[in-house]
Amino acid sequence: MNAGVGETKKQKKDEIYRKGRQKASNRTRSIYSCVVSSSAHESSPSPDEVSIVEKVKRENEDMAGRYVFKMFCGERIIGLVTGYDNETSKFKIVYEDHNNDLIDKEILLRTLAPPTLVDWMFDSHRMPRLLCILQQKVLDDEEQEGRLGFVFIENDGVDEHMIWLIELKNLFSRQLPHVPKEYIVRRVLDLNHKSIMVIRRNQDVVGGITYRPFLSQGFAEIAFCAVMANELIKGCGTRLMNHLKEHARDMEGVTHLLTCADSNVVDYFLKQGFTKEITLEKDRWQGYIKVYDGGILMGCELHPKLPYSYTTTMTSHQRQAIIERIREASNSENIVYPGIDFQKGEAGIPSWPMKVEDIPGLKEAGWTPDQYGHSRFKTANDSADTASNQESITAFMRSLLKQIYDHPDAWPFKEPVDSDNAPGYYDVIKDPMDLKMITTRVESEQYYITLEMFLADMKRMFANARTYNLPHTVYYKCANRLESFFSGIFQSGLQDNKFQQN
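Residues numbered from 1 in each chain as written. Predicted model: local features only at pLDDT ≥ 70, side-chain atom pairs only at ≥ 80, totals over all residues. Heavy atoms only, no water.

### Re the pattern of salt bridges
What counts, and what does not: Salt bridge, as used here: a side-chain nitrogen of Lys or Arg that lies within 4 Å of a carboxyl oxygen of Asp or Glu. A run of DSSP states H or I qualifies as a helix once it reaches four residues; a run of E qualifies as a strand once it reaches two. Both are numbered from the N-terminal end. Buried, partly exposed and exposed residues are distinguished by accessible area as a fraction of the type maximum, computed with a 1.4 Å probe on protein chains only: under 20%, between the cut-offs, and over 50%, respectively.
Across all of its chains, the model carries 18 salt bridges by this definition. Here Glu 145 ties to Arg 147 by a salt bridge, and the two come within 3.1 Å at their closest N and O atoms. With a shortest N-O distance of 2.8 Å, Glu 483 and Arg 466 are connected by a salt bridge. Here Glu 483, found in helix H16 (residues 474-496), pairs with Arg 466, found in helix H15 (residues 451-468); they are 17 residues apart in sequence, far enough to count as distant. When its relative accessible area of 21% is taken as the criterion, Glu 483 is described as partly exposed.

Laid out in structure tokens, this is it:
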């Protein structure tokens, strides 16, 4: 009797698994675009023809939220697909120029270059601002219309949930090929793990996160995170993480999210608010999660009141409010002034001296000479003019550099890093810094107009050493010791030179 019951359960699970595999397999088959015109057929189209048309229609609708680009007046401009017009069989696209202004539609109609899909992620400083806001609205509309959904599922034995979990497992296997499939199965179907999925039209799993909440410790560990590339470019990855943050905080009492990320996804987690510095007390997570070889432990502290689901919309409104306040306070009346002929020489030093007051439009915007080189470090003599104050700053920086050069731990930083001795250094470190470059900038007497600029370069030099080198290396330890020495002589030097810190 017991054997019969066991066999029935096994058959049921096998059937669920088979359905999930079949459903995932069907979706990966190529669907060729074709339009069936009713006037071209004397009789009504067959069910197969109707099915193909519906699939093509859904694919066209799913293009909403994708970025495109086209050449316009010799420049590449970015556009966003906002929808699809079934009557004209054309996509609705909005374009934005380099000044973050929407381009007139009539002008674009006269260009011959067709739009091309964008298949890469933008750097944060190159994001098309207006289109980014519009993209979030497209996703909002899709959620409200039911074409896009975010659901939380665990292994509860419900047939539909099991099929979705198996589809999510298949997605992880495709997107994370270096992770053993057996390990993915164990985690996704484990009773202690939960998953949030991105569902298209209540049937297609296009992304998801599997995580394990440790309720007694107040944190959750993210095991897997993957989103299909065509959905990631539309912003679903960020929205998926925001839904997880809000659910874990409000429904499970979680205060921190932790994950062991490999180098390929570190940038994604950094954009989602994760950092390499874990703020959660070590005794709360140590022993509960495992840090894998080659993985980087990252964490995110959840704000108790932040509405994560509306973060993008909220920040866009805040940005717009700030821009409006700036326009109200500005005296320039939004006049566009001509640019300046500015060129950098060695070590980023200006090729020739330039007076700040000569920058077109600066005075009209309300700038005054007392704002030049604004710093929280000032000489004790308030009556000293700008030139005298600059001389004091330069002399102080020179004295600091002499002491740094004489320190026994300064040898790794006296010259630029040789890439032959440090393979891939300049692939990892995008803004290199060394004592030779800092000295060149000091001696130019043009680059460091404030002590803050000097401090920023020194800190960057130490941070670069810790970023590229492992903690047990001599370079990492030299950076820590030299930075500690620099902090001490800087503070004492402020007092000896009678600098006041505001």
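Next comes the rest of the description.
### Side note on a nonpolar patch on the surface
Cut-off, in case you're wondering: A patch consists of residues exposed above 30% relative accessible area that lack any salt bridge, with like charges linked at up to 9 Å and nonpolar side chains (Val, Leu, Ile, Met, Phe, Trp, Tyr) linked at up to 5 Å. Here the Shrake-Rupley method, with its probe set to 1.4 Å, supplies the accessible areas, and only the displayed protein chains count as covering residues.
Where nonpolar side chains cluster on the molecular surface, the patch consists of Ile 340, Phe 342, Trp 352 and Met 354 and spans about 360 Å² of accessible area. Mapped onto the secondary structure, Ile 340 falls in the loop between helix H11 (311-329) and strand S11 (377-379).

### Section: the packing of aromatic side chains
To keep it simple, the criterion reads: For Phe, Tyr and Trp, rings pair up if their centres lie within 6.5 Å, where Trp contributes its six-membered ring, and each pair is then called stacked (planes under 30 degrees apart), edge-to-face (over 60) or tilted (otherwise).
Under the criterion given, the structure shown has 17 aromatic pairs. With 5.0 Å between their ring centres and 65 degrees between their planes, Tyr 425 and Tyr 468 make a pair best called edge-to-face. Placement of Tyr 425 in helix H13 (residues 425-428) and of Tyr 468 in helix H15 is noted, with a sequence separation of 43 residues between them. Aromatic side chains Phe 486 and Phe 490 sit 5.9 Å apart centroid to centroid with 35 degrees between the ring planes, which places their arrangement in the tilted category.

### Remarks on the packing of H15 against H16
Between two packed helices, the angle of one axis relative to the other and the distance separating the axes together describe the packing. Rule in force here: Axes here mean lines fitted to C-alpha atoms, for a helix over just the part in contact, with angles spanning 0 to 180 degrees between N-to-C directions. Just so you know how the angles are binned, under 35 degrees is roughly parallel, over 145 roughly antiparallel, 65 to 115 roughly perpendicular, and the rest oblique. The handedness criterion is simple: a crossing whose near helix is rotated anticlockwise from the far helix by less than a right angle is left-handed, and one whose near helix is rotated clockwise is right-handed. A contact between two residues is defined here by any heavy atoms of the two lying within 4.5 Å. Residue polarity follows a fixed list, in which Ala, Val, Leu, Ile, Met, Phe, Trp, Tyr, Cys and Pro are nonpolar, Asp, Glu, Lys and Arg are charged, and the others, Gly among them, are polar.
For the pair H15 and H16, the least separation of the axes is 8 Å and the interaxial angle reads 160 degrees. Classified by the angle between their axes, H15 and H16 sit roughly antiparallel to one another. In terms of crossing hand, the pair formed by H15 and H16 is left-handed. Here Leu 451, Phe 454, Leu 455, Met 458, Phe 462, Ala 465 and Arg 466 of H15 come into contact with H16, specifically with Tyr 475, Tyr 476, Ala 479, Asn 480, Leu 482, Glu 483, Phe 486, Phe 490 and Leu 494. Of the residues that constitute the contact of H15 with H16, the class distribution is 13 nonpolar, one polar and two charged.

### Re the environment of Leu 362
Tracing the backbone through its elements, the reader meets Leu 362 in the loop between H11 and S11. Given the relative accessible area of 23%, Leu 362 is considered partly exposed. Along the primary structure Leu 362 and Tyr 337 are separated by 25 residues, whereas in three dimensions their C-alpha atoms are 9.4 Å apart. With near-sequence residues (within four places) excluded, Leu 362 lies in contact with Val 356 and Trp 367.

### Notes on the nonpolar core
What counts, and what does not: Nonpolar core, defined: a set of buried Ala, Val, Leu, Ile, Met, Phe, Trp, Tyr and Cys residues in which side-chain atoms within 4.5 Å join the residues together.
By size, the foremost hydrophobic cluster in this structure holds 29 residues, and its most contacted members are Ile 438, Leu 451, Phe 454, Met 458, Phe 486 and Phe 490. At the level of secondary structure, the elements contributing two or more residues to this core comprise helix H12 (386-405), helix H14 (435-444), H15 and H16. Excluding its chain neighbours within four sequence positions, the residues that come into contact with Phe 486 are Leu 400, Ile 404, Phe 454, Leu 455, Met 458 and Phe 462. Among the nonpolar cores identified, the runner-up in size contains 28 residues, and Phe 150, Tyr 211, Val 266 and Tyr 268 belong to it.

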